[in-house]
Amino acid sequence: MVDSQYYLPNDIGISALDCSEAFRLLSPQEKMYAHYLSRASWYGGLAVLLQTSPESANIFVLLQRIFRKQTPAQLEQVATAAGLSSEEYQAFLVYAAGLYANMGNYKSFGDTKFIPNLPKDKLKALVWASQAFQEQPAEMEALWDSCSCLLYSLENRQKQLGLGDKGITTYFSGNCCLEDAELAQKFLDSKKLSAYNTRLFKKEDGGKTCYEVRLASAVQKDCAVDGECESCCGSFSFEDKEFTVKRGDYSPIMEKVCYYLEKAQTYAANENQRKMLEEYTRSFTLGSIEAHKEGSRYWIKDKGPIVESYIGFIESYRDPFGSRGEFEGFVAVVNKAMSERFAKLVSSAEVLLPELPWPQEFEKDTFLKPDFTSLDVLTFAGSGIPAGINIPNYDDIRQTEGFKNVSLGNVLAVAYATQKEKLTFLEEGDKDLFIKWKGPSFEVQVGLHELLGHGSGKLFVQDDKGKFNFDQSKVINPETGEPVSSWYRGSETWDSKFSTIASSYEECRAECVGLYLCLNKQVLSIFGHEGQDADDVVYINWLSMVRAGLLGLEFYTPDSKSWRQAHMQARFVILRVLLEAGEGLVGLEEVTGEDGKPDARITLDRSKIPTVGKNAIHRFLCKLQVFKSTADVEGGRAVYDNYSTVSDTGAHNFLRLRETVLLRKEARKMFVQANTRISGDSVELVEYEGSAAGLIRSFTERFQDDAEQLESSLLELSKQDAPCWC
């Protein structure tokens, strides 16, 4: 029996993401703009297949070829004739939908592999019986042979993403380990190159180690091309090792992205949007993060647009080293009513920031009022869809020029709808309250987390010229009582300095800000909560966090003692902090469920949240900020690793609780997204049903214009790098 965490259940939740009303209200020009940005995003999102695992692109092409010839409904009769039961056929559809939704065969949330929940010989029989195989038997057999082994393999290293012997990654060649990643980071820093759009390939040449840093770009030439003063490519010696910087990673995909971004420029609403798209196009053409930063600056200046978007190599959660970005692109339409609440939160920021538990010197000199809007997603291409985003991730821009926050309203509406019978680990008396207030409390938490969490706190920096952005003689470290003795130097960034823990640590800091500030009556009132309702929102927000900390154990791998999901690790850390606070604030006990199997029960004393709870978060949050501001990696890592430890000793046996969590887990929902297509001189929205079949159809119709060329490009890219993963 395969452990159930490695396949997706047949009854997994699949919901259509509704944006029809938002799209209908757009002008013809806005619809065209949204259409071309969506096309750029969907094509760019295909790079994620190549960023996830060696086999993902081949599996994607295999599925596309099958479903382009026969819809899920048509294929069902073939499956029955080939000897598959209806459960096995449904398992195949769910697997295909999962591969599309995660853009690869590893879960975007948790980074574990998932395999089809049907025997390999049954899947092979279905492939052989398909029309695609009947028409092109040699090609289809070769395609099956190229990926069928890895499609089902659950060898230890292949069970999750990771570096070296800890897991699978295609950000690094298979012979790279942590030391290689650290050396490459030092090299990139010395060249003032960002790792965001790179991958690292290590080769041995005549006993000498050579590294190839590959930049994602449409252009494949390494010499300077039109519009460049000089190229950053070339060969360099660094610490007795040879480094070569080359261009052209994902080249055919980047070409498509640039083509559609140029089309979108024609329909831009203003000069900021036009310049932004120009710079993005330059970035993806030349492989330049500097151009992407420039585009992001115009993007920040484009305040409150009707159609909002962002595109590029953005989040570094899935790089095991924590500094390479996964491609994503989104296009969304502003939800005006919800955005008004967030606007009020933004205008209260200056009053709320001083409430945070660190000294004034540790806060940014001026709060750069960001855009904060609630959006209905039209397109979100990449490996998964978040509930809120705070971008850009470039610290130098965030610290001095600002950022934007978005809350994805139609994602929140679907993702957090919960059925009572599926609510685990809560007391019966809490369940109705939880269902009633989970959505509203999460809206408050997302707002605070994105705006005042990620948007707060200063980094102490000494620039290349030796100039400090703080007064060394006066600023005191509140944890030690001594003057601040460490800071970021030159081109060091938060990600490059805190590397492997940076993402989770920062999510933890932002989550703590949400818990801390949701106690503020003014905040609750902005979101329309007063009196008893406001108290219930606070209680359910804290209870959700504590429960999420327990659920987080699903995303911990005991064999490698590693966490696979930044947010869930952060929530587990917060659970540990609140348990440590004692005084009966949080209760966590192991019990036997009604079914006779192990279960667990969480309790939270709501009367102690404003006292014991608030004090615990106050102390912990101040620590997190001080380590972050002062670039104190050793101190920060020691504290964070300590709370992240999952063991079977101490007051709670977390390893045993993890087994209970796995036994009772619910699979994460998948989303079906609409397509846009040009019909005459207007754009129409094509919607699909919220099912595995609907999700599959949305993908086969998404790339139908140039399907064969696109598929052969993906297979070629996959084949070129195949020798690097061994």
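Residues numbered from 1 in each chain as written. Predicted model: local features only at pLDDT ≥ 70, side-chain atom pairs only at ≥ 80, totals over all residues. Heavy atoms only, no water.

### A closer look at helix H13 (residues 289-301)
With 13 residues, H13 ought to run about 18 Å at 1.5 Å a step, and its terminal C-alpha atoms sit 18 Å apart, in line with that. Across the 13 residues that make up H13, a large majority, ten, are buried. Residues Ile289, Ala291, His292, Lys293, Gly295, Ser296, Arg297, Tyr298, Trp299 and Ile300 constitute the buried set of H13. At its buried positions, H13 is contacted by helix H12 (271-286), strand E6 (307-315), strand E9 (388-391), helix H15 (395-400) and strand E10 (404-408). (Helix = DSSP H or I, 4+ residues; strand = E, 2+ residues; numbered from the N terminus. Expected span 1.5 Å × (residues − 1). Buried < 20%, exposed > 50% of the residue type's maximum accessible area, 1.4 Å probe, protein only. Contact = heavy atoms within 4.5 Å.)

### What about the pairing of strand E8 (residues 371-381)?
Consecutive side chains of a regular strand alternate in pointing toward one face of the sheet and then the other. Across the eleven residues that make up E8, a large majority, eleven, are buried. Across six bridges, the pairing between strand E7 (residues 326-334) and E8 is antiparallel. For valine 334, the partnering residue across the bridge sits in E8 and is leucine 375. Relative to E10, E8 runs parallel, the two being bridged by five bridges. (Pairing = 2+ DSSP bridges.)

### A look at the UniProt feature "active site" (unreviewed entry) in the protein chain
In the numbering used here, UniProt assigns the "active site" (unreviewed entry) feature to Glu450. You can see glutamate 450 is positioned in helix H17 (residues 428-453). On the accessibility criterion, glutamate 450 (7% relative accessible area) is buried. Apart from the residues within four sequence positions on either side, glutamate 450 is in contact with Phe372, Gly388, Ile389, Asn390, Asn405 and Gly455. (UniProt positions renumbered as here; feature names shortened; annotations may be inferred.)

### As for the nonpolar core
Grouped together as the largest cluster of nonpolar side chains are 117 residues, with contacts concentrated most on Leu46, Phe60, Phe92 and Phe284. It is helix H6 (residues 86-102) that contributes the most residues to this core, nine residues altogether. Those residues within four positions of leucine 46 in sequence are excluded, and the remaining contacts are Phe60, Met103, Ile253, Phe703, Leu710 and Leu714. In terms of nonpolar packing, the next biggest core, distinct from the first, is built from 93 residues, Val475, Leu579, Phe627 and Tyr643 among them. (Core = buried A, V, L, I, M, F, W, Y, C linked by side-chain atoms within 4.5 Å.)

### Brief notes about the UniProt feature "binding site: Zn(2+)" (unreviewed entry) in the protein chain
Residues annotated in UniProt with the feature "binding site: Zn(2+)" (unreviewed entry) correspond here to His449, His454 and Glu507. Annotated residues spanning 59 residues; largest pairwise C-alpha distance 8.3 Å, indicating a single compact cluster. Of note, histidine 449 is situated in helix H17. Judged by its relative accessible area of 6%, histidine 449 is buried. In this structure, histidine 449 is in contact with His454, Glu507, Ala510 and Glu511, ignoring residues within four places of it in sequence.

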